[in-house]
Amino acid sequence: MSIREKTFSLIKPDAVSKQLSGAINNRIETHGLQIIAQKMLWLDQYCARMFYAVHKDRPFFGELCDFLCSGPVIAQVLRGENAVQKYRNLMGATKPEEWADGTLRKEFGEDLCKNAVHGSDSSENAALEISLFFSGFEVFDC
């Protein structure tokens, strides 16, 4: 069943520093997703820890937060049919050894941490992540 929904995307510091946001946006749009909100930010530790709170008990939590604060990121709201799953398919697997050809992480990622992009894993998490970065007035949803 096809559902029109929103999802959250974050272009990570590694991809922003390599000026890959335009190429990533192009791939997002050619895969049938619309960018309805976008902004560049430089996160502090507090924001990074809130964003990655789900990983707080994992040994890599501190490294992950440090990386997210290492440079600007681009936060986005994407909209489209089955947007969460469509964007997850476009991003590719989390583990580098599972990155498939044609995915953003295979093309632009370096390793488990520096993997170019983040995307929500469910509609519920998408709503939460969107609310961390955007007010209702910043999302063009007509």
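Notes on the structure in this doc start here.

The rules behind the values
- Residues numbered from 1 in each chain as written.
- Predicted model: local features only at pLDDT ≥ 70, side-chain atom pairs only at ≥ 80, totals over all residues.
- Heavy atoms only, no water.
- Helix = DSSP H or I, 4+ residues; strand = E, 2+ residues; numbered from the N terminus.
- Buried < 20%, exposed > 50% of the residue type's maximum accessible area, 1.4 Å probe, protein only.
- Contact = heavy atoms within 4.5 Å.
- Lys, Arg positive; Asp, Glu negative; His and termini not counted.
- Charge placed at Lys NZ, Arg CZ, Asp CG, Glu CD.
- Phe/Tyr/Trp six-rings, centres within 6.5 Å; stacked < 30°, edge-to-face > 60°.
- Polar contact = N/O pair within 3.5 Å; in protein donor to acceptor, adjacent residues only side chain to side chain.
- 1 Å grid on protein atoms, 1.4 Å probe; cavity = no way out; pocket = protein on both sides within 12 Å on 5 of 7 lines; lining within 4 Å.
- Points joined across faces, edges and corners; volume = space filled by probe spheres on them.
- Nonpolar A, V, L, I, M, F, W, Y, C, P; charged D, E, K, R; others polar.
- Core = buried A, V, L, I, M, F, W, Y, C linked by side-chain atoms within 4.5 Å.
- Disulfide = S-S within 2.5 Å.
- Pairing = 2+ DSSP bridges.

## Some details on the overall build of the protein chain
In step 1: From N to C terminus, the protein chain includes 7 helices and 4 strands.
In step 2: Its helices and strands taken in sequence order, the protein chain reads β-α-α-β-α-α-β-α-α-β-α from the N to the C terminus.
In step 3: Based on the C-alpha atoms only, the size of the protein chain along its principal axes is roughly 40 × 35 × 30 Å.
In step 4: Residue burial in the protein chain is summarised as follows: out of 142 residues, 46% are buried.
In step 5: Considering only residue pairs separated by 6 or more positions, the protein chain has 77% of its internal contacts joining residues 24 or more positions apart.
In step 6: Within the protein chain, one finds 16 positive and 19 negative side-chain charges whose respective centroids are separated by 1 Å.

## A closer look at the packing of aromatic side chains
In step 1: Evaluation of the coordinates by the stated rule reveals 4 aromatic pairs.
In step 2: Relative to phenylalanine 133, the ring of phenylalanine 8 lies with its centre 5.0 Å away and its plane at 20 degrees, an arrangement referred to as stacked. Pair noted here: phenylalanine 8 is in strand β1 (residues 4–11) and phenylalanine 133 is in helix α7 (residues 123–133), with a separation of 125 residues, a long-range link. Each member of the pair, phenylalanine 8 as well as phenylalanine 133, is classed as buried.
In step 3: Within the aromatic cluster, the residues linked to one another by ring pairs are Phe8, Phe51, Tyr52 and Phe133.

## Section: the environment of serine 123
In step 1: Tracing the sequence through the fold places serine 123 in helix α7.
In step 2: Contacts of serine 123, omitting those with residues within four sequence positions, involve Glu5 and Val84.
In step 3: A distance of 2.8 Å separates a polar atom in the side chain of serine 123 from a polar atom in the side chain of glutamate 5.

## Topic: the layout of surface pockets
One way to see where empty space is left: roll a probe the size of a water molecule over the atoms.
In step 1: Space inside the largest pocket adds up to approximately 720 Å³.
In step 2: Among the secondary structure elements, those contributing two or more residues to the lining of the largest pocket are α3 (45–51), α4 (61–68), α5 (83–91), β4 (117–119) and α7.
In step 3: At 4 residues, the largest contribution of residues to the lining of the largest pocket is made by α7.
In step 4: For the lining of the largest pocket, a count of residues per class yields 12 nonpolar, 7 polar and 8 charged.

## Digging into the nonpolar core
In step 1: Counting residues in each nonpolar core, the largest one holds 22 residues, and the members touching the most others are Phe8, Leu68 and Phe134.
In step 2: Of all the secondary structure elements, the ones that give two or more residues to this core are β1, β2 (34–41), α3, α4, β3 (73–81) and α7.
In step 3: Not counting the four nearest positions on each side in its chain, leucine 68 is found in contact with Leu10, Pro13, Leu43, Ala48, Phe51, Tyr52 and Val73.
In step 4: Listed in part, the 17 residues of the second largest apolar core include Ala15, Leu20, Met91 and Leu104.

## Here's the deal with the state of the cysteines
In step 1: Following the criterion strictly, the structure yields 0 disulfides and no others.
In step 2: As a non-bridged cysteine, cysteine 47 has cysteine 69 as the owner of its nearest cysteine sulfur, 8.0 Å distant.

## Focus on the pairing of β1
In step 1: Of all 8 residues making up β1, 6 are buried, and the element is well covered by its neighbours.
In step 2: With 8 bridges connecting them, β1 and β3 associate as antiparallel partners. Within the sheet, the bridge partner assigned to leucine 10 lies in β3 and is alanine 75.

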